[in-house]
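# Understanding the architecture of this molecule
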Amino acid sequence: MNSSLFLCLVLQLAFSYCIHGLDITKYLTDYPEFNKRLTETKLVDKINGLKAVTILPFDDVAMKNLTGMSPEVVKAILSVHVLVDFYDPRKLVMEFQGPHTKIETLFQSSGLARGDQGYIYIGFVGEGAIAFASAVDTKYNLILMNSVIPEPGSVAILQVTQPFEVPGIEDSVGGGAGLTLGGMKKVDHAPIAQPHASSSSSSSVQMGLMGMALALASFFF
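Read on for an overview of the structure. (Residues numbered from 1 in each chain as written. Predicted model: local features only at pLDDT ≥ 70, side-chain atom pairs only at ≥ 80, totals over all residues. Heavy atoms only, no water.)

### Let's talk about the overall build of the protein
Formally: A run of H or I in DSSP counts as a helix once it spans at least four residues, and a run of E counts as a strand once it spans at least two, with each numbered from the N terminus. Relative accessibility decides the category of a residue: with a 1.4 Å probe and only protein chains considered, values under 20% of the type maximum give buried, values over 50% give exposed, and everything between is partly exposed. Areas reported as accessible are Shrake-Rupley estimates using a 1.4 Å probe. Residue values count occlusion only from the protein chains shown.
On a plain count of helices and strands, the protein comes out with eight helices and seven strands. A buried classification covers 47% of the 221 residues belonging to the protein. For the protein, the exposed area adds up to about 10,900 Å²; of that, 56% sits on carbon and sulfur atoms.

### Considerations on the environment of Phe-107
The test is simple: A contact between two residues is defined here by any heavy atoms of the two lying within 4.5 Å.
Here Phe-107 lies in the loop between strand E3 (98–104) and strand E4 (119–125). Distance from Phe-107 to Ser-79, taken between C-alpha atoms, is 5.0 Å for residues 28 residues apart in sequence. Apart from residues no more than four positions distant in its own chain, Phe-107 is found in contact with Ala-76, Ser-79, Val-80, Leu-112, Ala-113, Gln-117, Gly-118, Ile-169, Ser-172 and Val-173.

### Points about the pattern of salt bridges
Rules: In the sections that follow, a salt bridge refers to a side-chain nitrogen of Lys or Arg positioned within 4 Å of a carboxyl oxygen of Asp or Glu.
If you walk through the whole model with that rule in mind, you get three salt bridges. Close ionic contact of Glu-40 with Arg-37 constitutes a salt bridge, the shortest N to O distance being 3.8 Å. On the criterion of helical spacing, the pair formed by Glu-40 and Arg-37 is a turn pair, its members being three residues apart in helix H2 (residues 32–40). Classification of Glu-40 by relative accessible area gives partly exposed; the value is 49%. Residue Arg-37 is classed as partly exposed on the basis of its relative accessible area of 22%. Where salt bridges share partners, they join Lys-36, Arg-37 and Glu-40 into one cluster.

Structure (C-alpha cells):
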C-alpha cells in the first residue's frame, strides 16, 4: 500500500475515534450534580453522538433550582444547556451579539420544542460579561463565569450562573405537574455583572467595542 494512502487512512481512523469516542462526563467532574442528571436522563448518549458540542453547566447550588421538577422538565432544561456545535468565548463575542442570531440547542432537535424554545441568544451585560438568554423571552439572566476548552474545535465547557428559564417548556414535555420555571430563585454567587432589563432591541445588551475587548481579555489573558 502506498505510504501516503496508509497515512491518510490512519489519520481518518484516529479522527473518527476522537469524534465517536467522546465521553462528555469526564469533562464535567467539577459539576457532579449536573453530570449526574445528564446520565440519569440519558442525555449523555445523545451528547456523545454529536460531532461538536458546547455544554453550559451550572454548579450544585444552582442545581437546587430544579428540585421538585418532573424528570421530563429537568431533561428538557438540561438539553437547552447543550449547544449542538462548538463555541468558545472568542467565537461567541465575534459572531453572536443580541437577539438576531439563534443558537441551536439539543432541545430543538428533540422534536418537543415549540417555536423558539430550543434556541438561545448571546448578549453582553454590565462591564462586558457574556450573557445568555432563551430566544423565547430574551431575558439575559445567565452569565458566563468560566470556560474550559478540553478539545478545541470539538468540545467546550462554559459554566453559567443558573439554569435557563424557558417559558412554556413544562407544557411542551408534559411535565406541568412539577414546579414551574417561573418560581426559580436567584442563587448566590461571587459578585458578577448583572443583566439589564430585557428588551427586543439588541442595543440594550450589546456593550460596544470596549466591552467586547474586556470580555475577550477576561478569558484569553
